[in-house]
Amino acid sequence: MKINFPKALNTKKYFINPIWIAHHDDKLYLQKLNKTSNKYINQAKKLNNKATVFHSKSLINVLEFKDLQNYIIATSQNLLTEMGYDLKEFDVCCTELWVQEFDLQGGGNHSMHTHWNGHISGFYFLKSSDETSKPVFHDPRPGAVMNLLPELDKTKLSYATSQINFNPKPGTIMFFPSYLPHEYTVDLSKKPFRFIHFNCQAFPKTLKEKR
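Remember, it's a predicted structure, so these values are computed and weren't measured experimentally.

Caption draft 1: Fine view of the overall build of the chain. Per the secondary structure count, the chain includes four helices and 10 strands. Along the chain direction, N to C, the helices and strands of the chain fall in the order β-α-β-α-β-β-β-β-α-β-β-β-β-α. The 211 residues of the chain split such that 38% are buried. A separation of at least 24 residues holds for 87% of the contacts in the chain among residues at least 6 apart in sequence. Carbon and sulfur atoms make up 55% of the accessible area of the chain, which totals about 13700 Å². Across the chain, the centroid of the 27 positively charged side chains sits 1 Å from that of the 19 negatively charged ones.

Below, the structure written as structure tokens:
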């Protein structure tokens, strides 16, 4: 007896990992944030002038960054809802907000990492170009990475893609789930590279009431 197996299979996509990207094309606001950031970057340089990455103190609730902070919180809430999470009993808060700059002598980078105890993370780029460091995102599925096969064509996005990088412009803002592994490639010091990094967490409202 001849068995007629299906010749066409329906593709269903599950366990999708989003990255949201937009461009905030307000040059005056960008100039304002860069000017304000100079103070905090200079402070970081004084603390360790031999570093390759200069990391400011926390900028949460600093007046000049408050509009950006409020936007980040509201957007993170919307994105978590878009992902399918029920936030009726949660308040989304910005838990970390700081500005970073890579040293112009070169060598600035970040090794692959995630942000523990968070839900949405992201970057807002203040100084960047095609010649500066690039954010790289990695496949967060350990099972997929463990059994990884060679990619047929690394120039194309596919189910086999294990990492992806971006060339952000000043004003580019990115949001992504905090569990998504990411890194920054080694900067070659051809152009200035500065960005704001942020993390958000959804806290149960019951915890807030207890406080």
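Caption draft 2: Representation of the layout of surface pockets. As a volume, the largest pocket reaches approximately 680 Å³. Surrounding the largest pocket, 21 residues form its lining, Ile16, Asn17, Arg141, Ser158 and Thr161 being those nearest its centre. Listed by contribution, the elements that provide at least two residues to the lining of the largest pocket are strand 6 (135–138) and strand 7 (163–165). Its residues placed into classes, the lining of the largest pocket shows 12 nonpolar, six polar and three charged.

Caption draft 3: Representation of the sheet that holds strand 2 (residues 53–55) in the model. With respect to topology, six strands assemble into an open sheet ordered 1-8-5-10-3-2, the strand pairing being antiparallel. The open sheet has two edge strands with one neighbour each: strand 1 (20–23) and strand 2. Recorded for the sheet is a direction-independent mean angle of 20° between the axes of neighbouring strands. Of the strand pairs in this sheet, strand 5 (residues 120–127) and strand 8 (residues 172–177) are connected by five bridges, and their pairing is antiparallel. Along strand 8, the bridge assignment pairs Ile120 with Pro177. Of the strands in this sheet, strand 2, strand 3 (90–102), strand 5 and strand 10 (194–204) touch helix 1 (residues 27–47), which is tilted by about 100° from strand 5.

Caption draft 4: Focus on the sheet that holds strand 4 (residues 110–113). The strand order 4-9-6-7 describes an open sheet built from four strands, whose pairing is antiparallel. Only two strands of the sheet have a single neighbouring strand rather than two, namely strand 4 and strand 7. With strand direction ignored, the average angle separating the axes of adjacent strands in the sheet is 15°. The pairing of strand 4 with strand 9 (residues 182–184) spans two bridges and is antiparallel. For His110, the partnering residue across the bridge sits in strand 9 and is Tyr184.

Caption draft 5: Region of interest: unusual backbone geometry. Positive phi values are uncommon outside glycine, yet Phe15 reaches one of about 55°. Mapped onto the elements, Phe15 comes out in the segment before strand 1. Assessed through its relative accessible area of 76%, Phe15 is described here as exposed.

Caption draft 6: Region of interest: a nonpolar patch on the surface. On the surface, Met1, Ile3 and Phe5 cluster together into a nonpolar patch covering about 470 Å² of accessible area. Note that Met1 resides in the segment before strand 1.

Caption draft 7: Here's a closer look at helix 2 (residues 66–83). The end-to-end C-alpha distance of helix 2 is 26 Å, a good match for the 26 Å that 18 residues give at a rise of 1.5 Å each. Those residues of helix 2 hidden inside the fold are in contact with strand 1, helix 1, strand 3, strand 5, strand 8 and strand 10.

How each quantity is defined
- Residues numbered from 1 in each chain as written.
- Predicted model: local features only at pLDDT ≥ 70, side-chain atom pairs only at ≥ 80, totals over all residues.
- Heavy atoms only, no water.
- Helix = DSSP H or I, 4+ residues; strand = E, 2+ residues; numbered from the N terminus.
- Buried < 20%, exposed > 50% of the residue type's maximum accessible area, 1.4 Å probe, protein only.
- Contact = heavy atoms within 4.5 Å.
- Areas by Shrake-Rupley, 256 points an atom, 1.4 Å probe, with all protein chains shown as cover.
- Lys, Arg positive; Asp, Glu negative; His and termini not counted.
- Charge placed at Lys NZ, Arg CZ, Asp CG, Glu CD.
- 1 Å grid on protein atoms, 1.4 Å probe; cavity = no way out; pocket = protein on both sides within 12 Å on 5 of 7 lines; lining within 4 Å.
- Points joined across faces, edges and corners; volume = space filled by probe spheres on them.
- Nonpolar A, V, L, I, M, F, W, Y, C, P; charged D, E, K, R; others polar.
- Pairing = 2+ DSSP bridges.
- Axes fitted to C-alpha atoms, helices over the stretch in contact; angles between N-to-C directions.
- Patch = residues over 30% accessible without salt bridge, like charges linked within 9 Å, V, L, I, M, F, W, Y side chains within 5 Å.
- Salt bridge = Lys/Arg side-chain N within 4 Å of Asp/Glu carboxyl O.
- Expected span 1.5 Å × (residues − 1).

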